[in-house]
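Structural characterization, general
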Amino acid sequence: MTLATHVRILARGQGRARSMTMDEAFEAMTLMMREDADPHAVGAILMLMRMKGETAEEIAGFATAARAALPDFPAAPGLDWPSYAAGRSRGLPWFLLSARLVAAAGVPVLLHGWNSHQGAGASVREALAPLGIPQAASVADAARALEGSGIAYLPLEHFSPRIMALLSLRDALGLRSCVNTVCRMLNPGRAAAAVQGVFHPPYRELQSDAAHLMGLPRLTVLKGGGGEFEHHPAKDIATFGLRDGQSWTGLTGRPVDAHRRLADAPQDSPALAGLWDGTRPDPFARAIVTSTAALALDTAGISAPEDTAERLWEERAGVTA
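Keep in mind it's a predicted model, so treat the numbers as computed, not measured.

On to the pairing of strand 6 (residues 238-243). Counting buried residues along strand 6, 5 of its 6 residues qualify, which places the element largely inside the surrounding structure. Where strand 5 (residues 218-223) and strand 6 come together, 4 bridges link them in antiparallel fashion. Looking at strand 6, one finds that L219 is bridged to L242. Here strand 6 runs beside strand 7 (residues 246-251); their pairing, made up of 6 bridges, is antiparallel. Paired with L242 across the strands is S247, a residue of strand 7.

The next thing to look at is the nonpolar core. Grouped together as the largest cluster of nonpolar side chains are 57 residues, with contacts concentrated most on L3, F62, L156, I163 and L186. Examining the composition of this core, we find that 7 residues originate from one element, helix 4 (residues 56-68), more than from any other. Once you skip the residues sitting within four places of it in the chain, L3 turns out to touch A28, L31, M32, A37, D38, A41, V42 and I45. In this structure, L97, A103, L111 and I133 belong to the second largest nonpolar core, which totals 45 residues.

This next bit is on the packing of helix 4 against helix 12 (residues 202-213). Contact pair helix 4 / helix 12: the axes reach a minimum separation of 8 Å and the direction vectors enclose 55°. It follows from the interaxial angle that helix 4 and helix 12 lie oblique. Once helix 4 is placed against helix 12, the crossing between them reads as right-handed. Counted together, A56, E57, I59 and A60 of helix 4 and L206, D209, A210 and L213 of helix 12 form the full contact between these two elements. Here the contact of helix 4 with helix 12 is built from residues that sort into 6 nonpolar, no polar and 2 charged.

What counts and what doesn't
Residues numbered from 1 in each chain as written. Predicted model: local features only at pLDDT ≥ 70, side-chain atom pairs only at ≥ 80, totals over all residues. Heavy atoms only, no water. Buried < 20%, exposed > 50% of the residue type's maximum accessible area, 1.4 Å probe, protein only. Helix = DSSP H or I, 4+ residues; strand = E, 2+ residues; numbered from the N terminus. Pairing = 2+ DSSP bridges. Core = buried A, V, L, I, M, F, W, Y, C linked by side-chain atoms within 4.5 Å. Contact = heavy atoms within 4.5 Å. Axes fitted to C-alpha atoms, helices over the stretch in contact; angles between N-to-C directions. Parallel < 35°, antiparallel > 145°, perpendicular 65-115°, else oblique. Left-handed = near helix turned anticlockwise from the far one by under 90°. Nonpolar A, V, L, I, M, F, W, Y, C, P; charged D, E, K, R; others polar.

Written out as structure tokens, the structure is:
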């Protein structure tokens, strides 16, 4: 079978074209993951899907095939945390501090990603070292970091150069493709729980439905800061996902009563480490961190997640909040 078969499914013409089934999408991505995949057919499939809109079956099939080609993790992390937002409309990556709190709760957190554009603040990767989050050079390196410190960031290009190449077709095509969504669904460590952020609200249900098809037990998806999994603490935000493999929806609540944007939090890079070590206190930024951590803790199955997040913040590295 060649990719031409899948191009025909999507492009037969009005009244005859249709979406792919999950099995057909799996076959298509299996072929696209090959280095000798025809670039014209790959581009045609990605752009045809963008024009019609992806279905949960297509995303699930693509993500399942892409993950099947990844290296095996020695042991599954406790929580999968993808970071693939473009970054144009966000400030500092406060969610990294949230991930540290989750790891402090005894839930190993695997962050992974690629961010092609950055906002006014520090990029995700620039912020890792000052916050004490190891950046792994390989799957084995990430596994060692998870065992040691309970948290690691694994760059996409280090665990799948081929998916990185498919994602980078944006430069040639001039448009983003469903590969961005597939990356969020990869869960390379095969964790039983995952958090995901989106920029466009319709993708919350799309990703939740795709995760259900893939058999993920626990998931929380929200429209977060710049498309990352990051909660606005002054808003009651709709959340979608899975609990024990069943579809689930909820509301986040409003930990603070304020009329502020995420961009109103400090924007200079040292503010991240300063908030963590207590030298740059900021109540709104703290609320971003703890409310995001509470959502992630709930996803991982930790009881009393809000109270746990606040306690972990008070106890972090011996710092007085």
